[in-house]
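What follows is the residue order along each chain.
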Protein chains: 2
Amino acid sequence: MHETIDRRRRQLLAGSAGALAAGMTGATAGLVGWSPRAWSAEPAKPKPLPEYVAWKDAESLIVHSASTIETKRSAFGTSLITPAERLFIRNNLPAPDPSYVADRNSWELTVEGVKNPRKLTLAQLKTLGLETVPMVLQCSGNGRGFFPHKPSGTPWTVGAAGCVFWSGVPVKAVAQALGGVAEGMRFITSTGGEKLPEGLDPKGVVVERSVPLSALEDALLAWEMNGAPIPLAHGGPLRLIVPGYTGVNNVKYVKRLAFTREETDAKIQKTSYRISPIGTKGDPSQPSVWEMNVKSWVNYPYPGMGPLPAGWVQIHGVAFGGTQAVKRVEVSLDGGRSWKEARFVGPDLGRYAWRQFVFQAELKPGAYTVTSRAIDAKGNVQPEERMENDQGYVNNSWRDHAVQVTVA
Amino acid sequence: MHETIDRRRRQLLAGSAGALAAGMTGATAGLVGWSPRAWSAEPAKPKPLPEYVAWKDAESLIVHSASTIETKRSAFGTSLITPAERLFIRNNLPAPDPSYVADRNSWELTVEGVKNPRKLTLAQLKTLGLETVPMVLQCSGNGRGFFPHKPSGTPWTVGAAGCVFWSGVPVKAVAQALGGVAEGMRFITSTGGEKLPEGLDPKGVVVERSVPLSALEDALLAWEMNGAPIPLAHGGPLRLIVPGYTGVNNVKYVKRLAFTREETDAKIQKTSYRISPIGTKGDPSQPSVWEMNVKSWVNYPYPGMGPLPAGWVQIHGVAFGGTQAVKRVEVSLDGGRSWKEARFVGPDLGRYAWRQFVFQAELKPGAYTVTSRAIDAKGNVQPEERMENDQGYVNNSWRDHAVQVTVA
């Protein structure tokens, strides 16, 4: 169950559609004169923050649409955590009414697929256990903006990600309190509590995701983010947190948590968030977008910042391993011809958090292609090439994330 | 140099004034019917947030004055970190003009007491090194509200504290870059860049503090807090961070950092922030308020929350060791008659951060006096009694921090 998506990728590429995708990738692999650039990183004209996230820091964010808001690459700091004001937004449905968080403790969750299924209020959940986990929250489509075939969906570059603390009750403790997971269940299936648009097939719009039962080990039902009740825009009052899994699997406003035999047949699971060959639609035979892969990128220098003065520069960025701890990061100043090990900065917050790295370099005037490459605890190396796929998911190509730097 | 304040306290108490103070403490030590209560925890009428911190979360805060704002005990979560919106404010001078942070990178710091003294801009500091440290920031007077003699100053209970990430350059790296610390220097003396009120002796108002040179090991010149540039209200663009030392030693808007032979003779160092016997003025012969001591308190249940329903409750709080890591926390439900070990929640962020603890208890109807007691890595135990002192500094009494809880 705990296969990485990179392993599943290899299985996919073994097929004919995969071979086609690999061929397309090869075409972009020439080193000289190659310039990594997102096809549409920022809207031409900055849009204002929508009302429901008016409390966010507008200067740190790129508003793609009312429900897709990206952190600027220049706005990631070196303090490990991403404050709520700078955290990206990606909602599959419009954010619910503020009444959802008017009386947080009375929020109800239905738990099914356990020996003693029942409804629990948030107040009751708060008596069953407590854990806190710092975790990279990353949209499945982060890095989509680097795909040359321009997939549909938001063209995120790096900013649909952040590292935040979540606090809540382990799903495991809830299952135990209700007599344990029923026999034969293989998935955790969670349903978001958003009001569904009328006149549409609910299965086509509901945010309902299934993750493998193995995720039970570290999953949380969280009510707190970064030391405050989870903001409505981020899924409060209650959000399922599946450490190491992409954003969509962390169901907001969770109203039902079920242990199930099969994956849900909701569209968002059945055909969306699948790794499908370019030009084809998603279907359940293809890998679902679950665990994140090993990834890193440089945040400073950042694209478009203008020439740097010659001399010492501290190149810094973030690195994480998805469900594995990240072990090492290397930095290249010459587009991947040579690599040197970077130093981690600050404490290790555990396998699901990112680490910040710094590489101190003395740069003479000239042009540099700066990028980074992470290696996880199992030896998985962040790849040079993206995994081509129709919807532009899980891009961890170090080449795509390179930054062109001019030193004057 | 790295003596804890508790050790220095014992030296103080060996004197006659100390014996008097110890006598006063004894008078409050009876267990039965004793009710820990701050003498003025909250102003009668909530005051609005001052303009310069209008971005903070008003509902989480108690505004004592424009420059003293406390986090409500109920507003500490379980995610380890304290978000900027909930972090306390204690400024010795009015917050500077917003122009201080208009062009952060051009902020200038004068470094003295090194082989090659010079001015450095923040942009230059950013090339010299990088480190990130999560740290408890706590006002020297946190817990003052529990002193029965009503010291002058803000009657904080627990909320003049938070745990935040700082990121910047190690002071050590700056000293090295300038040829090293000059011979014979024993202190790091830093000067805040606030504009001083006119017509007053500058020595009487300037925020200039000296800490022992041993603090060099982990001190930072920080430009970032919790993943964002340090807000003006918290000392941005540049703040000296001395991990393990009380708030006042972490000089805001730092414009001069000097390695010095002697402590500064500024009033804030010479006679303020001294542990002086009740009724006496501070003087340089008394211990300076430097390192924090081992401390913990319960945040849930919190005072005034009303009766809890009978059944399971998750008692949680924070614990830290000052300059030492915290090793263990115990919780008592009966005002200190018996203790049980609590469990730490979330990752260990290092010796200068706090840990969050939880203790799960099944409570029958009745009255409880709930408190906690931390033990640091060196075996120092959080004491039952506060260290009596005129100004009400460094209160770590577990008895003072107890919460009266009614279970219905």
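About the cut-offs
Residues numbered from 1 in each chain as written. Chains lettered and ligands numbered in written order. Predicted model: local features only at pLDDT ≥ 70, side-chain atom pairs only at ≥ 80, totals over all residues. Heavy atoms only, no water. Helix = DSSP H or I, 4+ residues; strand = E, 2+ residues; numbered from the N terminus. Buried < 20%, exposed > 50% of the residue type's maximum accessible area, 1.4 Å probe, protein only. Areas by Shrake-Rupley, 256 points an atom, 1.4 Å probe, with all protein chains shown as cover. Least-squares fit on C-alpha atoms with pLDDT ≥ 70 in both. Contact = heavy atoms within 4.5 Å. Pairing = 2+ DSSP bridges. Buried area = accessible area lost by both parts, 1.4 Å probe. Salt bridge = Lys/Arg side-chain N within 4 Å of Asp/Glu carboxyl O. Polar contact = N/O pair within 3.5 Å; in protein donor to acceptor, adjacent residues only side chain to side chain. pLDDT = per-residue confidence, 0-100.

Novice: Requested: an account of the overall build of chain A, with residues and values cited.
Specialist: Broken down by element type, chain A carries 6 helices and 21 strands. Considering chain A as a whole, with its 408 residues, one finds that 61% of them fall into the buried category. Per element, the accessible surface of chain A, about 15,400 Å² overall, is 53% carbon and sulfur.

Novice: Could you give me a rundown of the relation of the copies chain A and chain B, with the residues and numbers involved?
Specialist: Mapping chain A onto chain B calls for a rotation angle of 180° and an axial translation of 0.0 Å; the resulting RMSD is 0.0 Å. The transformation just described matches what one would write down for a two-fold rotation axis. Residue by residue, 100% of the interface of chain A is reproduced at the interface of chain B, so both copies engage with the same surface.

Novice: Break down the sheet that holds strand S3 (residues 89-90) of chain B for me, with residues and values.
Specialist: Read across the open sheet, the 3 strands follow the order S1-S2-S3 (chain B); overall the sheet is antiparallel. Two strands close off the open sheet at either side, each with one partner strand: strand S1 (61-65) and S3 of chain B.

Novice: Describe in detail the interface of chain A and chain B, supporting the description with residues and values.
Specialist: The extent of an interface is frequently quoted as the accessible surface area lost upon association of the parts. Every contact between the two is made by 35 residues of chain A and, on the other side, 35 residues of chain B. For the chain A and chain B pair, buried surface summed over both sides reaches about 2,800 Å², with 51% attributable to carbon and sulfur atoms. When the buried surface of chain A facing chain B is broken down by residue, Ser79, Leu130 and Gln314 of chain A rank first, second and third, together holding 21% of it. Viewed at the interface, chain B and chain A are joined by 2 salt bridges.

Novice: Which residues make up the environment of Val345 of chain B, and what values go with them?
Specialist: Tracing the backbone shows Val345 of chain B in strand S18 (residues 343-345). Each C-alpha atom, one on Val345 of chain B and one on Lys56 of chain B, is 27 Å from the other, the two residues being 289 residues apart in sequence. With sequence-adjacent residues up to four places away left out, Val345 of chain B is seen in contact with Leu130, Glu131 and Thr132 of chain A together with Leu80, Gln356, Phe357 and Val358 of chain B.

Novice: Go over the sheet that holds strand S17 (residues 340-341) of chain A, please, and point to the residues and values.
Specialist: Residue and element names in this part refer to chain A. Ordered in space as S17-S16-S20-S21, the 4 strands form an open sheet in which the pairing is antiparallel. Since the sheet does not close on itself, it has two edges, and those belong to S17 and strand S21 (403-407), each with one partner. Bridge count between strand S16 (residues 326-332) and strand S20 (residues 366-376): 6 bridges; the pairing is antiparallel. The residue bridging Glu330 from the neighbouring strand is Arg373, located in S20.

Novice: Let's hear about the side chain of Arg386 of chain A: which residues, and what values?
Specialist: All names here are of chain A. With respect to the helices and strands, the residue Arg386 is situated in the loop between S20 and S21. Look at Arg386 and you get buried, because its relative accessible area is 3%. One polar contact links Arg386 to Glu388, side chain to side chain, over a distance of 2.5 Å. At 2.6 Å, the side chain of Arg386 forms a polar contact with the side chain of Asp400.

Novice: Can you explain unusual backbone geometry? Please cite residues and give values.
Specialist: Look at the link from Gly236 of chain B to Pro237 of chain B: it is a cis peptide, with omega at 15°. Between Tyr300 of chain B and Pro301 of chain B the backbone carries a cis peptide bond, its omega angle lying at 0°. Along the chain, Pro301 of chain B falls in the loop between strand S14 (295-300) and strand S15 (311-320). The residue Leu80 of chain A is not glycine, and still its phi comes out positive at about 75°. Tracing the chain through its elements places Leu80 of chain A in the loop between strand S2 (68-71) and strand S3 (89-90). Its identity is not glycine, yet Val394 of chain A carries a phi of approximately 40°, on the positive side. In this fold, Val394 of chain A is placed in the loop between S20 and S21. Look at Val394 of chain A and you get buried, because its relative accessible area is 6%.

Novice: Would you mind going over the confidence of the model for chain A in detail, with residue names and values included?
Specialist: On average, residues of chain A carry a pLDDT of 91, and 89% of them reach 70 or more. The ipTM value of the predicted complex is 0.90, and its pTM value is 0.91.

Novice: Explain the pattern of salt bridges residue by residue, including any values.
Specialist: Throughout the structure, instances matching the rule amount to 30 salt bridges over all chains. Of the charged contacts, one joins Arg328 of chain A and Glu330 of chain A as a salt bridge, the two residues approaching to 3.1 Å between their closest N and O atoms.

Novice: A description of the pairing of strand S19 (residues 355-363) of chain A should follow, citing residues and the corresponding values.
Specialist: All names here are of chain A. Counting buried positions along S19 gives 7 out of 9 residues, so the element sits mostly inside the fold. In the sheet, strand S15 (residues 311-320) pairs with S19 via 9 bridges, with the strands oriented antiparallel. Bridged to Val318 within S19 is Gln356. Relative to S19, strand S18 (residues 343-345) is paired through 3 bridges, and the arrangement is antiparallel. Considered in S19, the bridge of Phe344 is made with Phe357.

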